[in-house]
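Residues per chain are reported as follows:
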Amino acid sequence: MSDIGPPRGAGPLARTEARLAWGLLAPTITAVSLVVILPLLAIFWISVKPVSLSDLRAPDPIVREDLRGKPSVAGDEATLRYRLRNSSPKSEITGVTLTDSWPVGLSLAGDLDPRCMISDAMLRCDLGDWEGGFRDTLTIPVVTDQAFFDQATDVEASVVNVDGKASFVLTNGNFTLKNFVSVFDGGEFWSVLGVTLFYTIFGTLGAMIMGLFASLLLNHSFRGQGILRGLYLFPYVAPVIAVAFAWILLFDPFSGSANALLIQMGVTEGAINFFGERPLALIMVTLFEIWRYFPLSFLFILARMQSIPTDMYEAADMDGASPFQQFWYLSMPQLLGILSVLFLLRFIWTFNKFDDIFLLTGGNAGTRVLTVNVYEQAFAVSNIGAGAAVAVVIFACLLLFSVFFFKVMSREEGL
């Protein structure tokens, strides 16, 4: 008698369900790959390439053909002109050749350029090597025949074939670590990293604390509660460019209401340049971050608070617990989960924040963070490779933070 045991491996139904599950996930995986993974890989690739902003244009031989002289009758002389250009200002194109059909009704009226020859109604030219930024004009003297006007020959309509070999900096095998060397060279990077950490840590904690405080205020029913909740959401839903310029106008050293109020109250004798002085500018942009993004923490925390059973608070109240004791020993343990998720999300988002600081200060007055550094390296200095290297550093910092965060969280959950 043979031994009969339980079936091993996945059955037909399980395999069908697995294929269906992967099929349903395929659009999501494809979208994530196209939107997130591929650009991330491109940034890693560019970070080790000696590429500037002008190198992003691939080297390509460009030719424009036209007929100069405006001939009107047979026998008129004209000039067949080819304007030649290398599209790349730096990369060289080697072995450039030009091939074009000879226009009907045109005859050679002088010496042909030694680089060219006409054979079987075809113009062929060996134009050699083109250095970066190469420009030249190839002219051929011609005379028109009656066939040129009978067939209404359009010289510019003909397709000119131009071939050549070029090495594109983004696709060739040249790699370098100079981008990362330039990033870490000197003390500028570490000062920028310090500003980024200050802005991120205090902006994240401040937004969470302010959101927690707002949640405690609105975790009770009273008249006008809905209107007040809507007003609390205004900083988060308002366009960033609108609120940023509102803050700039409010704290303007010449016409801002804040300076006028401080002077009238006798707090200061002269106007304060809130967004133009160190370290006040960094404090102001951090306060703007707290004010603008506390509504997100407020929504999450308030939703979690309203899901906590009220029986615990009633029992604690009967036992004589103070409001602070109820908050610390009852509310906080219930809020730790959502607070940890909020801290992780807000830390990553704030670390990557660019538009707020750029609109308020442009990265000046000691507010230059890593994301602003990416912009300045890539577009202000036109060093795309260095900008990508800074972006890779940002990715590495956030990756290390995420690994540390999840290790700490798993340790806490294990306890």
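Analysis parameters
Residues numbered from 1 in each chain as written. Predicted model: local features only at pLDDT ≥ 70, side-chain atom pairs only at ≥ 80, totals over all residues. Heavy atoms only, no water. Phe/Tyr/Trp six-rings, centres within 6.5 Å; stacked < 30°, edge-to-face > 60°. Helix = DSSP H or I, 4+ residues; strand = E, 2+ residues; numbered from the N terminus. Buried < 20%, exposed > 50% of the residue type's maximum accessible area, 1.4 Å probe, protein only. Polar contact = N/O pair within 3.5 Å; in protein donor to acceptor, adjacent residues only side chain to side chain. Pairing = 2+ DSSP bridges. Axes fitted to C-alpha atoms, helices over the stretch in contact; angles between N-to-C directions. Core = buried A, V, L, I, M, F, W, Y, C linked by side-chain atoms within 4.5 Å. Contact = heavy atoms within 4.5 Å. Salt bridge = Lys/Arg side-chain N within 4 Å of Asp/Glu carboxyl O.

(A) Spotlight on the packing of aromatic side chains. Applying the stated criterion across every chain yields a total of 29 aromatic pairs. On the numbers, 5.5 Å between centres and 45 degrees between planes, the contact of W247 with W291 is tilted. Of the two residues, W247 is situated in helix α7 (residues 240–250) and W291 in helix α9 (residues 280–306); the sequence distance between them amounts to 44 residues. In this structure W247 comes out as buried when scored by relative accessible area, which is 14%. We classify W291 as partly exposed; its relative accessible area is 23%.

(B) Structural detail: the side chain of N179. In this fold, N179 is placed in helix α3 (residues 178–184). Among the polar contacts listed, one links the side chain of N179 to the backbone oxygen of K49, at a separation of 3.0 Å.

(C) Fine view of the sheet that holds strand β2 (residues 77–86). Here four strands make up an open sheet; going across it, the order is β1-β2-β7-β4 and the pairing antiparallel. Each edge of the open sheet carries a strand with a single partner, namely β1 (61–68) and β4 (106–108). The mean angle between the axes of side-by-side strands here comes to 35 degrees, regardless of whether they run parallel or antiparallel. With nine bridges connecting them, β2 and strand β7 (residues 135–144) associate as antiparallel partners. Note on β7: the bridge partner recorded for R81 is T139.

(D) View of the environment of F245. Looking at the secondary structure, you find F245 in helix α7. The exposure class assigned to F245 is partly exposed, which follows from its relative accessible area of 42%. Taking the C-alpha atoms as reference points, F245 and A260, separated by 15 residues in sequence, lie 18 Å from one another.

(E) Main features of the nonpolar core. Core analysis: the largest hydrophobic core is formed by 23 residues, its most contacted members being Y82, L84, L98 and L123. Among the elements of the structure, β2, β3 (93–101), β6 (122–130) and β7 are those that each provide at least two residues to this core. Setting aside residues up to four positions removed in sequence, L98 forms contacts with V63, Y82, L84, L123, R124, C125, L127, V160 and N161. If you look at the next biggest cluster of nonpolar residues, it comprises 18 residues, including V195, W247, A258 and F288.

(F) Summary view of the pattern of salt bridges. Under the counting rule described, the total for this entry stands at eight salt bridges. Put simply, R81 and D66 hold a salt bridge, and the shortest N to O gap is 2.6 Å. With R81 in strand β2 and D66 in strand β1, this residue pair connects regions lying 15 residues apart in the sequence. Classification of R81 by relative accessible area gives buried; the value is 18%. Take D66: its relative accessible area is 7%, and that puts it in the buried class. The residue R83 makes a salt bridge to D66 at a minimum N-O spacing of 4.0 Å. Pair noted here: R83 is in strand β2 and D66 is in strand β1, with a separation of 17 residues, a long-range link.

(G) Expanded view of the sheet that holds β6. Ordered in space as β5-β6-β3-β8, the four strands form an open sheet in which the pairing is antiparallel. With partners counted over all chains shown, the strands left at the sheet margins are β5 (116–119) and β8 (161–166), one partner each. Here the average twist between neighbouring strands, direction ignored, is 15 degrees.

(H) Structural view of the side chain of T268. Position of T268 among the secondary structure elements: in the loop between α8 (257–264) and α9. Within the local environment of T268, its side chain forms a polar contact with the backbone oxygen of G270, the two atoms lying 2.9 Å apart.

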